[in-house]
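Residues per chain, in single letters:
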Amino acid sequence: MYKLCPQSDGQTKSVKRLVDNAYIPFDPANTDYQEYLKWLAEGNTPEPAEGT
Amino acid sequence: MSSIVIAGDTSGSVTLQAPAVSGSTTITLPATSGTLLQSGTTVTEAQGGIGTTVGYNGFKNRIINGDMRIDQRNAGASYNQVNGQYSLDRWAGNSFDGGAATNKFSVIQSSTAPTGFSNSLLVTSLAATSSGASNIFNIEQKIEGFNFADFLYGTASAQTLTLSFWVRSSLTGTFGGALKNSARNRAYPFTYTISAANTFEQKTITITGDTSGTWVGSTNGTGLWISFGLGVGSTYSGTAGAWGGGDVFSATGATSVVGTNGATWYISGVQLEKGSTATSFDVRDYGRELALCQRYYFSYLVPATCPQGFGHMQSTTAARILFPNPVPMRATPTFTSLGSLGIASGGTSFIASASSVLGISSAGVQMQFDVSGATAHQTCVYRDSGGTTFSAEL
């Protein structure tokens, strides 16, 4: 499971992996981000950011 | 010696050709019998050569941490393999039986090692896992494209490579593994035999380069994927000894280590080099080997009171922090806080409500932490009670 991490400026450049609280950058070369995209492609949806 | 004898053979002739210069030249023959070197001949390592006709100028071994000295994550502690995760530096493993499987085998940096090595990677089976077509239990390393592009895979000039390693197991028989590309559609399954239980044996596998398929070339993607099977099902196994299509992790019929509860399997001295000869292991100095590993993973495991990153308040709500890295990382890394993270600035501690990894540079990893009530442009420091890790593994 993942949670979105929008910044105070409104941009979202990372997603939080809840199993280990890792912050994953939106870099196509990052394999954790590749796993996240695969997870999304399987029809999953990340949790919204806190307060949204 | 008082005479020179020149002996003829059955046919042909020998010509001693004088150089086209004036003056005298003396050639002194060696005092012992032997054969003079011929151009293009391999000079063995015992003779002071490099043991191969491949012209190396460093970085002979494309495997990083092949002698299993570096263990940043676990520092010698046992680790129960999680599917797709790393144990010793640069060495990952799969524990998959159709879905992620847990507590099937452990990995530890062992001091039981072949002669000349200090460490090995030890796998211990934690159960008698039944065979299944979809099983993938293995240890693997992915070589970055930048470090493999000169092998010219996917072209007519693809280079022959030799994989050598020391292995030991409580089991005997035929074991397997595979090499494959990043797209997981070209693979070369291989086998090796362990003849004696609980004895280190060196294995050498020479593989002709793959002239087909798509390989990533000189990029920061996966250039070559090396898998050592510990129990791989038929779906992910292939016939040994030839390149072919498919997503393969081992050879058909290979012995399953995870199939026997308590079975052990050690590996060390893993070397992948150009050419058809397994030369001696390329021992690199510890600092360089560690730096090679830190391109993919490093951690700040420092006292909780010691700052790990430094920066400034970008605004009243955002702290920008730079974490110095030992070497430039392969890609923008995943950031993990192992404890309780905090930002300190102007005598005030802030709790970050959100974090983003902004990017990397030669100086370090840049991050933004959302805070509230800060004073813009004040300097700040980052500290974490449990340490922080950065991962840009393949």
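Since we're looking at a predicted model, the values are computed, not measured.

Attention now moves to the interface of chain A and chain B. On the side of chain B, 21 residues touch chain A, which itself brings 18 residues to the contact. The junction of chain A with chain B conceals about 1500 Å² of combined surface from both sides, 41% of it contributed by carbon and sulfur atoms. Seen at the junction of chain A and chain B, the total is zero salt bridges. Taken together, the links from chain A to chain B amount to eight residue pairs in polar contact (both at pLDDT 80 or more).

Next up on the list: the sheet that holds strand E11 (residues 222–232) of chain B. All names here are of chain B. Pairing in this open sheet of six strands is antiparallel, and the strands run E2-E3-E6-E11-E8-E9 from one edge to the other. With partners counted over all chains shown, the strands left at the sheet margins are strand E2 (85–86) and strand E9 (187–194), one partner each. In this structure, E2 lies alongside strand E3 (residues 92–97), joined through two bridges in antiparallel fashion. Considered in E3, the bridge of Gln85 is made with Gly93.

Going through the model one piece at a time under the given rule, you end up with 15 salt bridges over all chains. The partner of B:Glu393 in a salt bridge is B:Arg90, and the shortest N-O contact between them spans 2.4 Å. Linking B:Glu393 in the segment after strand E24 (388–391) with B:Arg90 in the loop between E2 and E3, this pair joins segments that are 303 residues apart in sequence. With relative accessibility at 3%, the residue B:Glu393 sits in the buried group. Residue class for B:Arg90 comes out buried when judged on its relative accessible area of 1%. The partner of B:Asp285 in a salt bridge is B:Arg288, with the nearest N and O atoms 3.1 Å apart. We classify B:Asp285 as partly exposed; its relative accessible area is 44%. A network of salt bridges, in which partner residues are shared, links A:Arg17, A:Asp20 and A:Asp32.

Take unusual backbone geometry next. In this structure, B:Asn198 is a non-glycine residue whose phi angle is positive, near 55°. As for its placement among the helices and strands, B:Asn198 is situated in the loop between E9 and strand E10 (201–207).

Among the nonpolar cores identified, the biggest contains 42 residues, and B:Leu121, B:Leu179, B:Phe228, B:Trp265 and B:Leu272 are the most heavily contacted of them. With residues up to four places along the chain from it excluded, the contact list for B:Phe228 reads B:Trp91, B:Phe137, B:Asn138, B:Ile139, B:Leu163, B:Phe165, B:Gly176, B:Gly177, B:Phe190, B:Trp265, B:Ile267 and B:Val270. In this structure, A:Ala29, B:Met329, B:Ala331 and B:Cys380 belong to the second largest nonpolar core, which totals 26 residues.

Every buried residue of helix H1 (residues 31–41) of chain A is accounted for by A:Asp32, A:Tyr33, A:Tyr36 and A:Trp39. All buried residues of H1(A) lie within an arc of 115° about the axis, which places them on one face of the element. If you follow the buried residues of H1(A), they end up packed against strand E1 (2–6), strand E2 (12–17) and strand E3 (22–25) of chain A together with strand E18 (334–337) of chain B. Capping the start of H1(A), A:Asn30 holds a side-chain oxygen 2.7 Å from the backbone nitrogen of A:Asp32, two or three residues further along. Remark: A:Gly43 follows H1(A) within two positions and exhibits a positive phi of approximately 100°.

Moving on, we get to the side chain of B:Thr334. Here B:Thr334 lies in strand E18. Residue class for B:Thr334 comes out buried when judged on its relative accessible area of 2%. Here A:Asn30 takes part through its side chain, which lies 3.2 Å from a polar atom of the side chain of B:Thr334. Once you skip the residues sitting within four places of it in the chain, B:Thr334 turns out to touch A:Arg17, A:Ala22, A:Tyr23, A:Ile24, A:Pro25, A:Asn30, A:Asp32, B:Thr389, B:Phe390 and B:Ser391.

Each value, and the rule that gives it
Residues numbered from 1 in each chain as written. Chains lettered and ligands numbered in written order. Predicted model: local features only at pLDDT ≥ 70, side-chain atom pairs only at ≥ 80, totals over all residues. Heavy atoms only, no water. Contact = heavy atoms within 4.5 Å. Buried area = accessible area lost by both parts, 1.4 Å probe. Salt bridge = Lys/Arg side-chain N within 4 Å of Asp/Glu carboxyl O. Polar contact = N/O pair within 3.5 Å; in protein donor to acceptor, adjacent residues only side chain to side chain. Pairing = 2+ DSSP bridges. Helix = DSSP H or I, 4+ residues; strand = E, 2+ residues; numbered from the N terminus. Buried < 20%, exposed > 50% of the residue type's maximum accessible area, 1.4 Å probe, protein only. Core = buried A, V, L, I, M, F, W, Y, C linked by side-chain atoms within 4.5 Å. Arc of directions from axis to C-beta.

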